[in-house]
Structures are given as structure tokens and as C-alpha cells.
Amino acid sequence: MPQTERSTQFPSRLVGQYALVTGASQGIGRAVAIRLAEEGATVAINYFGHVERAEETLALARKASSDRGHGRLDHVVVQADVASEKEIAAMFETILARWKRLDCLVNNAGFQAESSSEALDIETYRRIIDVNLNGAVFCAQKALAHFVARGGGGSIINCSSVHQIIPKPGYLAYSISKGGMANLTRTLALEFAGRGIRVNAVGPGAIDTPINAAWRDDPRKRGEVASHIPLGRVGTPEEIAAVFAFLASDEASYITGQTIYACGGLTLFPEFRENWAS
Ligand code: NAD
């Protein structure tokens, strides 16, 4: 089987779970929503600006769960700018009024902007921190309040990045936001472990999604990106979604406070693949 061909031989580990995925109208968030639905979870597809793309994700999630024999689950789309506490509160109210429960929060929404750090526009800086990091914090607060009130645990999975640990020059706000996710994940994991709540993160490398418009459709640039990756290729959103599904499942019942890097080896200091001079 080619490395990127998708296996459909995975189990249905999420039957009965209700999950919210932020920024699920495209890219990794869409793939996560579909994968969770395939494994039997009911999903809320959060979107910011593009209802038609969120509706596409909804249709794909519906098909995924019915194709896998889970019937017609109550998947839903829900609008909110995750930079807004008010909109997050309204989103959780809508979901909890409808489902009465939530088991898993996936903090996926995020974006980046390139700028030399000394010239970084302060509004852009604030917006990236507000969406990527503060949005994850505020959504986590709402999910945790629900998990604690109903008892019985729950899980939060943050979409971080290899840039949680690898600096990204020219992307200062993005680097800071993903660096912050390390201690967001670890601090919440420790604080809530005693109540059966697990908090983890996934750290993707270079994945074929719209965030990488700068190189994904240009064969030369794409080849250049792949040349830096030990496994020799960029990753697919589905390969990242598989890690989220694992972390959401009971198979990860003893894992909390961890970041799993799915990055083709990018975190292995690829520059050391060969001896330099010795
Ligand atoms: P993407 O641009 O395709 O998707 C990002 C999603 O976030 C979009 O659906 C967008 O609408 C949503 N979003 C942005 N601002 C929002 C807001 N204020 N409120 C709600 N939703 C909002 O990119 P992607 O690659 O799918 O990125 C998803 C996550 O994966 C991000 O957190 C990103 O940092 C992370 N990531 C991506 C890569 C990669 O190479 N693609 C690598 C590491 C980490």
C-alpha cells in the first residue's frame, strides 16, 4: 500500500462520544471531524467565516458515520470566532442545549502570518495569539466546567505544531502561540487528572492543507519542503486526524499531558542525518 493511501481498517472507538472540533470547515479540523464521525462520535463542526465549507464537512461527516454503520448521528455546524469569549460561550450553550453533554474538545482553529519580527503589526500579533492560544484556553474553560459539573471525565486535544518546540523565524506570534500550548496542555492535564479528565496535544509537521498555500500547489517548492523531512514527504490531514482519534479514545486512557508529534521526523534534528565533518 502506498504510504499515503488511507487504511479504512480502523476500529470504531468513539461510539457514544460527543465532540466539538474548532476550525473544522477545512484542513486538519475537517479531517478530524470526519475521522471522529467515522469512529462513531457525534461531532459539532465549528466554523468562523465559511458556512458553505462547514456544511461540506457536515455532509462528509454524515456520510462517514452512516457508511461505517453508525446511523444518522446528530452532527451539527456551529459558528463562532474562537477569539471571542462571548461567541465561545454562545457556541457551548448551543451545543449543550442540544446534546446535553460533551466528551471531547478539539482545539484546532489557528492561523499564521509571516512578518519580520521587528516590523510585526501589533494587531496581527494580538489576533494570532487570541485565536491560536487564547481561543484554546477559553474553549477549554467551557469544556472543563461541563466535564467537572457532570462528572465522569472528558478529554481535550489541542492542535499544536512542531513549532511548539522548533522556533519559526518570521512567524513570532505563531511560534509563541504554539509554545504556549505546551504549558496549556501540561498545566490543565495536571490540574484535572484527578477528575478523570485527560488533556493532550498533537504536533503536526508540514501537512497538505490551505494554511500552506505558499507551497502546496507548487511542485518545486513542495519538493523543497519535502527534502527537509526525514520521511521524505509532507503529511496528509488524515494522518493527523488518526492521532486525534487515538487520543480521544479509551486506547489512550492512560495518556495525559503529552504532545504527540506527527511530523515525519521533523523534530529529530534532521540536520544531523549525516555527519557534518567528522
Ligand atoms: P487551515 O487554514 O486549513 O485551517 C484552519 C482553520 O481554522 C480554518 O477552518 C479556519 O477557518 C479556522 N479558523 C481560523 N480562525 C478562526 C477563528 N477565529 N475562529 C474559528 N475558526 C478559525 O489550516 P490547517 O493546517 O488545517 O490548520 C489547523 C491547525 O493545525 C492550526 O492550529 C495550525 O496551526 C495547525 N498546524 C497545521 C500544520 C500544517 O502544516 N498544515 C502544521 C502544524 C500545525
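Further up the page is the structure itself.
None of these values were measured; they are calculated from a predicted model.

Asker: Summarise unusual backbone geometry; cite the residues concerned and give the values.
Answerer: Comment: phi is negative for the bulk of residues other than glycine, and the bulk of peptide bonds are trans. Backbone geometry at Lys-100 places phi at a positive 70 degrees, although glycine is not the residue there. Among the structural elements, Lys-100 can be located in the loop between helix 3 (85-99) and strand 4 (104-107). Phi at Phe-269 takes a positive value of approximately 55 degrees, unusual for a residue other than glycine. Mapped onto the elements of the fold, Phe-269 is located in the segment after strand 7 (259-262). By relative accessible area, Phe-269 is classed as exposed at 60%.

Asker: An account of the site of the ligand is needed here, citing residue identities and associated values.
Answerer: Surrounding the ligand, one finds 28 residues, the nearest of these being Ile-28, Asp-81, Asn-108, Tyr-174 and Thr-209. Gly-205 has a polar backbone atom sitting 3.1 Å from an oxygen atom of the ligand. Contact with the protein chains covers 93% of the free accessible surface of the ligand, which is 820 Å². Within the residue set of the shell around the ligand, elements represented by two or more residues are helix 1 (27-38), helix 4 (122-150) and helix 5 (172-192). Split into classes, the residues belonging to the shell around the ligand amount to 13 nonpolar, 12 polar and 3 charged.

Asker: Break down the pairing of strand 2 (residues 42-47) for me, with residues and values.
Answerer: Across the 6 residues that make up strand 2, a large majority, 6, are buried. Side chains Thr-42, Ala-44 and Asn-46 project from strand 2 onto one buried face, and the interleaved Val-43, Ile-45 and Tyr-47 project onto a second face that is buried too. Note that strand 1 (residues 18-21) and strand 2 share 4 bridges and pair parallel. Within strand 2, the residue paired with Tyr-18 across the bridge is Thr-42. Inspection of the sheet shows strand 2 paired to strand 3 (residues 76-79) by 4 bridges, in the parallel sense. Opposite Ile-45, over in strand 3, you have Val-77 as the bridge partner. Read as a crossover between parallel neighbours, the route from strand 2 over helix 2 (residues 51-67) to strand 3 is right-handed.

Asker: Any chance you could break down the pattern of salt bridges for me, citing the residues and the numbers?
Answerer: Side chains carrying opposite charge are able to pair once their charged atoms draw close together. Considering all chains together, one arrives at 13 salt bridges under this definition. Of the charged contacts, one joins Asp-74 and Arg-98 as a salt bridge, the two residues approaching to 2.7 Å between their closest N and O atoms. Of this pair, Asp-74 sits in the loop between helix 2 and strand 3 while Arg-98 sits in helix 3, and the two are 24 residues apart along the sequence. Given a relative accessible area of 31%, Asp-74 falls into the partly exposed group.

Asker: With reference to specific residues and values, describe the sheet that holds strand 3.
Answerer: The strand order across the open sheet formed by 7 strands is 3-2-1-4-5-6-7, and the pairing between neighbours is parallel. A single partner strand is all that each edge strand has here, and the edge strands are strand 3 and strand 7. Taking the axes of each pair of neighbouring strands and ignoring which way they run, one obtains an average angle of 20 degrees across the sheet. Note: strand 6 (residues 197-204) against strand 7, 4 bridges, orientation parallel.

Asker: Account for the side chain of Asp-103, naming residues and giving values.
Answerer: Position of Asp-103 among the secondary structure elements: in the loop between helix 3 and strand 4. With relative accessibility at 10%, the residue Asp-103 sits in the buried group. A polar contact is formed between the side chain of Asp-103 and the side chain of Arg-101, at a distance of 2.5 Å. What Asp-103 contacts, discounting residues up to four positions off in sequence, is Gly-16, Gln-17, Tyr-18, Phe-147, Arg-150, Gly-154 and Ser-155.

Asker: Could you give an account of a nonpolar patch on the surface, with specific residues and numbers?
Answerer: Taken together, the side chains of Phe-269, Phe-272 and Trp-276 define a hydrophobic patch exposed on the protein surface, amounting to about 450 Å² of accessible area. Structurally, the position occupied by Trp-276 is in the segment after strand 7. What makes Trp-276 exposed here is its relative accessible area of 62%.

Asker: Describe the packing of helix 4 against helix 5, listing the residues and the values that go with them.
Answerer: Axis angle and axis distance: for two packed helices, these are the angle between their axes and the distance between the axes, and together they describe the pair. Where helix 4 meets helix 5, the axes come as close as 9 Å, and the angle between the chain directions of the two elements is 15 degrees. As the angle between them shows, helix 4 and helix 5 are arranged roughly parallel. The way helix 4 lies across helix 5 gives a crossing that is right-handed. Residues Tyr-125, Ile-128, Ile-129, Asn-132, Leu-133, Ala-136, Val-137, Ala-140, Leu-144 and Val-148 of helix 4 form the contact with helix 5, whose participating residues are Ala-173, Tyr-174, Ile-176, Ser-177, Lys-178, Gly-180, Met-181, Leu-184, Leu-188 and Phe-192. Among the residues making up the contact of helix 4 with helix 5, the classes are represented as 16 nonpolar, 3 polar and 1 charged.

The rules we used
Residues numbered from 1 in each chain as written. Predicted model: local features only at pLDDT ≥ 70, side-chain atom pairs only at ≥ 80, totals over all residues. Heavy atoms only, no water. Helix = DSSP H or I, 4+ residues; strand = E, 2+ residues; numbered from the N terminus. Buried < 20%, exposed > 50% of the residue type's maximum accessible area, 1.4 Å probe, protein only. Near = heavy atom within 4 Å. Polar contact = N/O pair within 3.5 Å; in protein donor to acceptor, adjacent residues only side chain to side chain. Areas by Shrake-Rupley, 256 points an atom, 1.4 Å probe, with all protein chains shown as cover. Nonpolar A, V, L, I, M, F, W, Y, C, P; charged D, E, K, R; others polar. Pairing = 2+ DSSP bridges. Right-handed = clockwise from strand over helix to strand, strands pointing away. Salt bridge = Lys/Arg side-chain N within 4 Å of Asp/Glu carboxyl O. Axes fitted to C-alpha atoms, helices over the stretch in contact; angles between N-to-C directions. Contact = heavy atoms within 4.5 Å. Patch = residues over 30% accessible without salt bridge, like charges linked within 9 Å, V, L, I, M, F, W, Y side chains within 5 Å. Parallel < 35°, antiparallel > 145°, perpendicular 65-115°, else oblique. Left-handed = near helix turned anticlockwise from the far one by under 90°.

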